[in-house]
Amino acid sequence: MIAQTYFGWQERLAEYQEEAGAYISLASYLKSGHFIAATLENFQSEFLQMALYVVLTISLRQIGSAESKSLDKPEEVDRTPVPHPDAPICVKKGGWRLHLYQNSLSIAFAVLFILSWLGHLYGSYKSFSEENLLKGKPPVGLGKFLTEPQFWFETFQNWQSEFLSVASIVILTIFLRQKGSPESKPVDSPHMETGK
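Residues numbered from 1 in each chain as written. Predicted model: local features only at pLDDT ≥ 70, side-chain atom pairs only at ≥ 80, totals over all residues. Heavy atoms only, no water.

Q: I'm lost on the overall build of the chain in this one. Help?
A: Counting its secondary structure elements, the chain contains eight helices and zero strands. Scanning the chain from its N terminus toward the C terminus, one meets helices and strands in the order α-α-α-α-α-α-α-α. Relative to the compact-globule value of 16 Å for 196 residues, the chain shows a C-alpha radius of gyration of 23 Å, a clear excess of over 25%. With respect to the principal axes defined by its C-alpha atoms, the chain has extents near 65 × 45 × 30 Å. In the chain, buried positions account for 33% of the 196 residues. Taking the contacts inside the chain whose residues are at least 6 apart along the sequence as the reference set, 59% of them involve residues at least 24 apart. In the form shown here, the chain has an accessible surface area of approximately 12400 Å², with 67% of it arising from carbon and sulfur atoms. Taking the 17 positively charged and 20 negatively charged side chains of the chain as two groups, their mean positions are separated by 7 Å. (Helix = DSSP H or I, 4+ residues; strand = E, 2+ residues; numbered from the N terminus. Rg over C-alpha atoms; globule rule 2.2 N^0.38 Å. Buried < 20%, exposed > 50% of the residue type's maximum accessible area, 1.4 Å probe, protein only. Contact = heavy atoms within 4.5 Å. Areas by Shrake-Rupley, 256 points an atom, 1.4 Å probe, with all protein chains shown as cover. Lys, Arg positive; Asp, Glu negative; His and termini not counted. Charge placed at Lys NZ, Arg CZ, Asp CG, Glu CD.)

Q: Help me understand the packing of helix H3 (residues 33–59) against helix H6 (residues 104–134), please; the structure alone is not making it clear to me.
A: Describing two packed helices takes the angle between their axes plus the distance from one axis to the other. Where H3 contacts H6, the axes come no closer than 7 Å and their chain directions differ by 155 degrees. The angle between the axes of H3 and H6 places the two elements in the roughly antiparallel class. The crossing of H3 and H6 is left-handed. Looking at the contact of H3 with H6, its residues break down into 17 nonpolar, 10 polar and three charged. (Axes fitted to C-alpha atoms, helices over the stretch in contact; angles between N-to-C directions. Parallel < 35°, antiparallel > 145°, perpendicular 65-115°, else oblique. Left-handed = near helix turned anticlockwise from the far one by under 90°. Nonpolar A, V, L, I, M, F, W, Y, C, P; charged D, E, K, R; others polar.)

Q: Teacher, can you tell me more about the side chain of His34 here?
A: Checked against the element boundaries, His34 lands in helix H3. Apart from the residues within four sequence positions on either side, His34 is in contact with Gly8, Glu11, Arg12, Tyr29, Gly123, Ser127 and Glu130.

Q: Any chance you could explain helix H1 (residues 2–20) here in plain terms?
A: Helical geometry: 3.6 residues make up each α-helical turn, so side chains three or four residues apart lie on a common side. Its 19 residues give H1 an end-to-end C-alpha distance of 26 Å, which sits within 8% of 27 Å, the value for a rise of 1.5 Å per residue. Among the structural elements, helix H2 (26–30), H3 and H6 are those in contact with the buried residues of H1. After H1 finishes, the residue Gly21 shows a positive phi value of roughly 65 degrees. (Expected span 1.5 Å × (residues − 1).)

Q: I would appreciate a short explanation of the nonpolar core in the present structure.
A: Counting residues in hydrophobic clusters, the biggest one holds six residues: Trp9, Leu13, Tyr16, Ile24, Tyr29 and Phe35. At three residues, H1 tops the list of elements feeding residues into this core. Once residues within four sequence positions are removed from consideration, Ile24 is found in contact with Trp9, Arg12, Leu13, Tyr16 and Tyr29. Formed by five residues, the second largest nonpolar core is a distinct cluster that contains Leu121, Phe128, Val140 and Phe145. (Core = buried A, V, L, I, M, F, W, Y, C linked by side-chain atoms within 4.5 Å.)

Q: I would appreciate a short explanation of the side chain of Ser124 in the present structure.
A: Tracing the backbone shows Ser124 in helix H6. For Ser124, a relative accessible area of 1% translates into the label buried. At 2.9 Å, the side chain of Ser124 and the side chain of Glu154 are in polar contact. Among residues more than four places away in sequence, those in contact with Ser124 are Gly33, Ala37, Phe145, Gln150, Phe151 and Glu154. (Polar contact = N/O pair within 3.5 Å; in protein donor to acceptor, adjacent residues only side chain to side chain.)

Q: Sorry, what's going on with helix H8 (residues 149–175) here?
A: Between its first and last C-alpha, H8 extends 39 Å over 27 residues, near the 39 Å set by a 1.5 Å rise per residue. Residues of H8 that are buried: Phe151, Glu154, Thr155, Asn158, Trp159, Glu162, Val166, Val170, Thr173 and Ile174. Where H8 is buried, its residues contact H3, H6 and helix H7 (142–145).

Q: Even after reading the chapter, I still don't get the pattern of salt bridges, so can you show me in this structure?
A: As a working rule, side chains carrying opposite charge can pair if their charged atoms are close by. The full count for this structure, using the stated rule, is six salt bridges. The salt bridge partner of Glu131 is Arg12, with a shortest N-O separation of 3.1 Å. Remark: Arg12 occurs in helix H1 and Glu131 occurs in helix H6; sequence separation between them is 119 residues. Since its relative accessible area comes to 0%, Arg12 is described here as buried. Its salt-bridge partner being Glu76, residue Arg79 comes within 2.6 Å of it at the nearest N-O pair. One exposure class covers both Arg79 and Glu76, and it is exposed. (Salt bridge = Lys/Arg side-chain N within 4 Å of Asp/Glu carboxyl O.)

Spelled out as structure tokens, the structure:
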């Protein structure tokens, strides 16, 4: 984060000096659309990746992958919650609290994704407006901004990298091993053995 902040500030500083002969302080940069957009565009893709990973691994299987649940055996994570003295309060209470709690991980990642996507939109729009102001161009409304390719390019370039990384670990763990890693099957496991 420190490196991103420093080099992002230097990039923006160069733009300000080139366009207007102006200076932007580090404190001003931290409030700029450039910083907000760059930070939250990365956050949103991570939260999207985790939300989809959690939701899709509920029902999708990949034969041979260490990241997949078993194709035919029930898993511990699928058992019906049973209230006991050490169980979380929502399990003890049951009802809607239990229903919400047993889906709370995917809900949390979905909310974090939506908030970071909105933050990225805000930062990207603010950055676009700042650039237009520097270049002496008229302001553009948010609706018009959403028809511009910049925001969508920023969004989709990050999303595709996240999907590639998830697909890579799912597929590569079929054939490759890493001794000692909980993300790998044991080194002597057959390729078509599913799960860890």
